[in-house]
Amino acid sequence: MSSSRQQSTPKLEGPLSFMEKLSSAVFFYRPHKSTPLTDPKLVLVLGWMDARDAHLARYINQYRNMYPSSAILLVKGRFADLVFPSVGLRDTAPAVEPMLAALEDSENNGAPQDTMRPRLLIHSLSGGGSCSLYHLYNHFAQRRGGQPDEQGHISSNNQGGQRVPRHVTIFDSSPGVWSYQFNVDLLTAALKPGWRRLMVLPVVHLVAMTFWVLIRVFGLPDNQKTYATAHKDPRKNNELSRTYIYSDSDKICLARVVEADAAEARKKGFDVRLEHFEGSGHVAHSRVDTDRYWRIVRDAWDDVNKP
């Protein structure tokens, strides 16, 4: 048997099997079709913390139906990304080159950036998505000389100048504000009431207490605040429009926090929309009213791409 025989790449199985796996956290779907100017050339979906593939696939498949010729890039989030910035920076790194390649024609057509239509639609889900987007800001800053500190952060004053290409953002179930109860709710969000939840609760409270001590006593940076601040910094965020999707029933991403963040973003010159849902939990708004949810997404994109 010839030793030069090429080994076949194992086929990805499961709900995301139609996507190319670039790393454990990054997946890419390329339809290889010409994209109409009215559609996003690239849809970037940033998943919530430790989301199941089947749940993420619902968003990906909806975008495949809405924009059949658009490329779709998925970045998964995990707990370690939120806790350790250096891990988040490493996990998001494989997404940078596909973003540049997919948007190359749009970014290098000779037109001034301030006059170009956006070709990138970013859909950020919960704190995990917010975290991934923050690290992508830093990756693009590094391409022009910005350097991360020991914790993986790049300050606004240390930015090299390059930003994520002009885009429209959907913020679903974010931002959050760190607190002891926020940590408990975040870590138990996927646990149904019952004996398993009761068994895990002591560990959850231990983790929440540990972070309370680290942040309140030892001054560990509050990453939730770091992400939200970066999203409202025009030196980092080259955004044309943003839409917050939120609910009074979300115990993790509180409505008053979202509305305060939106008001602050408006003061800083961002184009802001608020879409309030009734009775939907954290990252569950699309299930409560699917038609309205995806109409909001489409309108957010269409309104900035009108002739």
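Report on the accompanying structure. From a predicted model like this one, the values you see are computed outputs, not experimental measurements.

Points about the packing of helix α1 (residues 53-66) against helix α11 (residues 290-303)
It is the contact of α1 with α11, at a shortest axis distance of 12 Å, that shows an interaxial angle of 55 degrees. The pairing of α1 with α11 is recorded here as oblique in orientation. The crossing of α1 and α11 is right-handed. Side by side, α1 and α11 meet where Tyr59, Gln62, Tyr63 and Met66 of the first sit next to Tyr293, Trp294, Val297 and Arg298 of the second. Of the residues belonging to the contact of α1 with α11, the class tally is six nonpolar, one polar and one charged.

Remarks on α11
Its 14 residues give α11 an end-to-end C-alpha distance of 20 Å, which sits within 8% of 20 Å, the value for a rise of 1.5 Å per residue. Buried within α11 are the following residues: Tyr293, Trp294, Ile296, Val297, Ala300 and Trp301. Mapping the buried residues of α11 onto a view down its axis gives an arc of 145 degrees, with all of them on the same face. The secondary structure elements touched by the buried residues of α11 are α1, β5 (120-125), β6 (167-172), β7 (239-247), β8 (272-277) and α10 (285-288).

Quick notes on the pairing of β8
Note that β7 and β8 share six bridges and pair parallel. The partner of serine 247 across the bridge, within β8, is phenylalanine 277. In this fold, β7 hands off to helix α9 (residues 255-267), which returns the chain to β8; that crossover is right-handed.

Regarding the packing of aromatic side chains
Aromatic ring pairs are reported here in terms of the distance separating the ring centres and the angle at which the planes meet. Going through the model one piece at a time under the given rule, you end up with ten aromatic pairs. Summarising the aromatic geometry, the rings of tyrosine 63 and tryptophan 294 are spaced 5.1 Å apart at their centres and angled 90 degrees between planes, so their arrangement reads as edge-to-face. Of this pair, tyrosine 63 sits in helix α1 while tryptophan 294 is found in helix α11, placing the two residues 231 residues apart along the sequence. Owing to a relative accessible area of 1%, tyrosine 63 belongs among the buried residues under this scheme. Between phenylalanine 277 and tyrosine 293, the ring centres sit 6.3 Å apart and the planes meet at 65 degrees, which makes this aromatic pair edge-to-face. Here phenylalanine 277 is found in strand β8, whereas its partner tyrosine 293 is found in helix α11, with 16 residues between them in sequence. When sorted by exposure, phenylalanine 277 lands in the same class as tyrosine 293, which is buried. Members of the aromatic cluster, each reached through a chain of ring pairs, are Trp48, Tyr59, Tyr63, Tyr67, Phe277, Tyr293 and Trp294. Taking NZ or CZ as reference, arginine 242 lies 4.6 Å from the ring centre of phenylalanine 270, over its face.

Quick notes on the pattern of salt bridges
For the structure shown, the criterion picks out eleven salt bridges. A salt bridge links aspartate 91 to arginine 78; the nearest nitrogen and oxygen atoms lie 2.6 Å apart. Residue aspartate 91 is located in helix α3 (residues 85-92), and its partner arginine 78 is located in the loop between β4 (71-77) and α2 (79-83); the two are separated by 13 residues in the primary sequence. Relative accessible area serves as the criterion here: at 34%, arginine 78 is assigned to the partly exposed category. Put simply, aspartate 303 and arginine 273 hold a salt bridge, and the shortest N to O gap is 2.7 Å. Here aspartate 303, found in helix α11, pairs with arginine 273, found in strand β8; they are 30 residues apart in sequence, far enough to count as distant. Taking relative accessible area as the criterion, aspartate 303 reaches 31% and is therefore assigned partly exposed.

Points about the pairing of β4
With respect to burial, β4 is a largely interior element, seven of its seven residues being buried. Here β4 shows a buried face lined by Ala71, Leu73, Val75 and Gly77 and a second buried face lined by Ile72, Leu74 and Lys76. Here strand β2 (residues 26-29) pairs with β4 via four bridges, running antiparallel. For phenylalanine 28, the partnering residue across the bridge sits in β4 and is leucine 73. As paired elements, strand β3 (residues 42-49) and β4 share six bridges and run parallel to each other. Bridge pairing in β4 places leucine 44 opposite leucine 73. Running through α1, the crossover from β3 to the neighbouring parallel element β4 is right-handed.

A closer look at the side chain of serine 280
The residue serine 280 is located in the loop between β8 and α10 in this model. Owing to a relative accessible area of 0%, serine 280 belongs among the buried residues under this scheme. There is a polar contact of 2.6 Å between the side chain of serine 280 and the side chain of histidine 285. Each residue touching serine 280, except ones within four places of it in the same chain, is listed here: Ser247, Ser249, Asp250, His285 and Val288.

Comments concerning the sheet that holds β3
If you walk across this open sheet you meet the eight strands as β1-β2-β4-β3-β5-β6-β7-β8, and the pairing is mixed. The sheet is open, and its two edges are formed by β1 (20-21) and β8, each paired on a single side. Contacts between α11 and the sheet are confined to β5, β6, β7 and β8, with β8 contributing the most and set at about 175 degrees to the helix.

Rules behind the numbers
Residues numbered from 1 in each chain as written. Predicted model: local features only at pLDDT ≥ 70, side-chain atom pairs only at ≥ 80, totals over all residues. Heavy atoms only, no water. Axes fitted to C-alpha atoms, helices over the stretch in contact; angles between N-to-C directions. Helix = DSSP H or I, 4+ residues; strand = E, 2+ residues; numbered from the N terminus. Parallel < 35°, antiparallel > 145°, perpendicular 65-115°, else oblique. Left-handed = near helix turned anticlockwise from the far one by under 90°. Contact = heavy atoms within 4.5 Å. Nonpolar A, V, L, I, M, F, W, Y, C, P; charged D, E, K, R; others polar. Expected span 1.5 Å × (residues − 1). Buried < 20%, exposed > 50% of the residue type's maximum accessible area, 1.4 Å probe, protein only. Arc of directions from axis to C-beta. Pairing = 2+ DSSP bridges. Right-handed = clockwise from strand over helix to strand, strands pointing away. Phe/Tyr/Trp six-rings, centres within 6.5 Å; stacked < 30°, edge-to-face > 60°. Lys NZ or Arg CZ within 6 Å of the ring centre and 35° of its normal. Salt bridge = Lys/Arg side-chain N within 4 Å of Asp/Glu carboxyl O. Polar contact = N/O pair within 3.5 Å; in protein donor to acceptor, adjacent residues only side chain to side chain.

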